[in-house]
Amino acid sequence: MQKFGFIGLGIMGSAMAANLVRAGFEVAVWNRSPGKAVELVALGAKRLETPQAVVESCQVTFAMLADPAAAEAVCFGKYGVLDAVGHGKGYVDMSTVDAATSRKIAAAITAKGGRFLEAPVSGSRKPAEEGTLVILTAGDRSLYDEALPGLERMGKKVLFLGEVGNGANMKLVVNMVMGGMMAAFCEGLALGTKQGLTTADILDVLDAGAMANPMFRLKGGAVTRGDFSVAFPLKHMQKDLRLAIALGDQAGQPLFTTAAANEAFKRAKALGFGEEDFSAVLKAIT
Ligand code: NAP
């Protein structure tokens, strides 16, 4: 059975790594806060002391980190991925970052004789637990082939999109749409309830028409109960909007709606809701 490494055991990474262990792969893990590895070790994973040690222990290492700063720290930092990555070893970064960060990491890894694949994911905590993510890979095709048995345990659909940067850009486009939808949805709920309409009726009407979608259904039910328990942290949604807006700047593409949504998420973060679910943007709107 193949051996894999997994770096970054947050909400998503811990669930994804657990699926690899359950599938019977030998999995070596590292997380900045070591406590998050405890459950995985009980499941059969091996905790190592550094990202370098994880990459040294296997041919293909996955990473699932918070943001560009975290992805760079793990790659370029002391005892980082780069310290071990030569000789055809593969590094698959599944974090949501901008294309420039992904290309920077790819260049450093390939310069040392390693192979790089970016593989950001669509889907949240539950799809991560159930192994039903949509995985947007781009980069080294031979590494894609080698990582596929692992990727197929984490996702229900694995796309190969060509050059490094295409996966990152696709992910930002998707999340930009999702952030805009969530902000508009929360404004609709806020305005409607101020007019005396009930949340239940608004959700019912939205669900009956062409705008019906699983996100409104799922998050609508939760916010009605005042449940903002985290699946996708609000601070990460704001990071994705910020990165999409920067991409819009580079491309000369106006993003009117995204810029407005970003302000709502920034405000929610400033109010202290960054660690809650991204649906907590409602609390900054009402
Ligand atoms: P999370 O729970 O906040 O986990 C973030 C991970 O990054 C943790 O392992 C954290 O380590 C690590 N990290 C942060 N800064 C670091 C640093 N400087 N050095 C080393 N490690 C660092 O986030 P998540 O929800 O799992 O999301 C992970 C990535 O997937 C993000 O890019 C997010 O945008 C993306 N994503 C999330 C979802 C979702 O629904 N949650 C869905 C799709 C994509 P510690 O444990 O030590 O803090």
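Computed from a predicted model, the values in this text were never measured in an experiment.

## Some details on the domain arrangement of the protein chain
By domain assignment, the protein chain separates into domain 1 (3–163) and domain 2 (169–285). Linking domain 1 with domain 2 are zero salt bridges, by the criterion used here. Contributing elements (two or more residues each) for the side of domain 1 that touches domain 2: helix 5 (99–111) and strand 7 (121–122).

## Topic: the environment of Arg 32
Following the sequence through the fold, Arg 32 ends up in the loop between strand 2 (26–30) and helix 2 (38–43). Sequence spacing of Arg 32 and Ala 246 is 214 residues, and the spatial spacing of their C-alpha atoms is 28 Å.

## Notes on the site of the ligand
Taken together, 26 residues lie near the ligand, and Asn 31, Ser 33, Lys 36, Ser 124 and Lys 239 sit nearest. In the environment of the ligand, an oxygen atom lies 2.9 Å from a nitrogen or oxygen atom belonging to the side chain of Arg 32. Contacts to the ligand include Leu 65, whose backbone N or O atom sits 3.0 Å from an oxygen atom. Protein contact buries 89% of the 900 Å² of open area that the ligand shows by itself. When contributions to the shell around the ligand are tallied by element, the ones reaching two or more residues are helix 1 (11–22), helix 4 (68–76) and helix 11 (234–251). Each of domain 1 (3–163) and domain 2 (169–285) contributes no fewer than three residues to the shell around the ligand.

## Some details on helix 4
Listing the buried residues of helix 4 in full gives Pro 68, Ala 71, Val 74 and Cys 75. Looking straight down helix 4, one finds its buried side chains confined to an arc of 135 degrees; they lie on one side.

## Brief notes about the pairing of strand 8 (residues 133–139)
Counting buried positions over the seven residues of strand 8 gives six, a clear majority of the element. With two bridges connecting them, strand 7 and strand 8 associate as antiparallel partners. Note on strand 8: the bridge partner recorded for Val 121 is Ile 135. Taken together, the five bridges between strand 8 and strand 9 (residues 155–160) define a ladder with parallel strand orientation. Bridge pairing in strand 9 places Ile 135 opposite Val 158. Between strand 8 and its parallel partner strand 9, the chain crosses via helix 7 (residues 141–154), and the hand of that crossover is right-handed.

## Quick look at the side chain of Asn 19
Along the chain, the position of Asn 19 falls in helix 1. Of the residues examined, Asn 19 reaches a relative accessible area of 10% and is grouped as buried. Sequence-distant contacts of Asn 19, defined by excluding residues within four places in its chain, comprise Ala 128, Glu 129, Glu 130, Gly 131 and Arg 153.

## Regarding the packing of helix 8 (residues 166–194) against helix 10 (residues 214–224)
Following both chains from N to C, one finds helix 8 and helix 10 inclined at 45 degrees, their axes separated by 12 Å at the closest point. Here helix 10 runs oblique to helix 8, going by the angle between their axes. Crossing handedness for the pair helix 8 and helix 10: right-handed. Across the interface between the two elements, Met 178, Met 181, Met 182, Phe 185 and Leu 189 of helix 8 pack against Met 215, Phe 216, Lys 219, Gly 220 and Val 223 of helix 10. Residue classes in the contact of helix 8 with helix 10 are distributed as eight nonpolar, one polar and one charged.

## Quick notes on the side chain of Thr 96
By the element assignment, Thr 96 lies in the loop between strand 5 (90–93) and helix 5. If we ignore the near neighbours within four places in the chain, the residues touching Thr 96 are Leu 65, Ala 66, Asp 67, Pro 68, Lys 171, Leu 172, Lys 239 and Asp 240.

## Considering the packing of helix 8 against helix 9 (residues 199–208)
Running from N to C, helix 8 and helix 9 point in directions that differ by 130 degrees, and their axes come no closer than 9 Å. The angle between the axes of helix 8 and helix 9 places the two elements in the oblique class. Crossing handedness for the pair helix 8 and helix 9: right-handed. Between helix 8 and helix 9, the residues in contact are Phe 185, Gly 188, Leu 189, Gly 192 and Thr 193 and Thr 199, Ile 202, Leu 203 and Leu 206, respectively. Residues that form the contact of helix 8 with helix 9 fall into these classes: five nonpolar, four polar and no charged.

## Here we look at the nonpolar core
Among the nonpolar cores identified, the biggest contains 35 residues, and Phe 6, Met 16, Phe 62, Met 94 and Leu 151 are the most heavily contacted of them. Of all the elements in the fold, those that place two or more residues in this core are strand 1 (3–7), helix 1, strand 2, strand 4 (60–63), strand 8 and helix 7. In terms of residues, this core owes the most to one element, helix 1, which gives seven residues. If near-sequence neighbours (up to four positions away) are discounted, Phe 62 is found in contact with Phe 4, Gly 5, Phe 6, Ile 7, Leu 20, Val 92, Met 94, Ala 147, Gly 150, Leu 151 and Met 154. Membership of the second largest hydrophobic core comes to 25 residues, among which are Phe 185, Met 237, Phe 278 and Leu 282.

The rules behind the values
- Residues numbered from 1 in each chain as written.
- Predicted model: local features only at pLDDT ≥ 70, side-chain atom pairs only at ≥ 80, totals over all residues.
- Heavy atoms only, no water.
- Domains from an automatic or database assignment.
- Salt bridge = Lys/Arg side-chain N within 4 Å of Asp/Glu carboxyl O.
- Helix = DSSP H or I, 4+ residues; strand = E, 2+ residues; numbered from the N terminus.
- Near = heavy atom within 4 Å.
- Polar contact = N/O pair within 3.5 Å; in protein donor to acceptor, adjacent residues only side chain to side chain.
- Areas by Shrake-Rupley, 256 points an atom, 1.4 Å probe, with all protein chains shown as cover.
- Buried < 20%, exposed > 50% of the residue type's maximum accessible area, 1.4 Å probe, protein only.
- Arc of directions from axis to C-beta.
- Pairing = 2+ DSSP bridges.
- Right-handed = clockwise from strand over helix to strand, strands pointing away.
- Contact = heavy atoms within 4.5 Å.
- Axes fitted to C-alpha atoms, helices over the stretch in contact; angles between N-to-C directions.
- Parallel < 35°, antiparallel > 145°, perpendicular 65-115°, else oblique.
- Left-handed = near helix turned anticlockwise from the far one by under 90°.
- Nonpolar A, V, L, I, M, F, W, Y, C, P; charged D, E, K, R; others polar.
- Core = buried A, V, L, I, M, F, W, Y, C linked by side-chain atoms within 4.5 Å.

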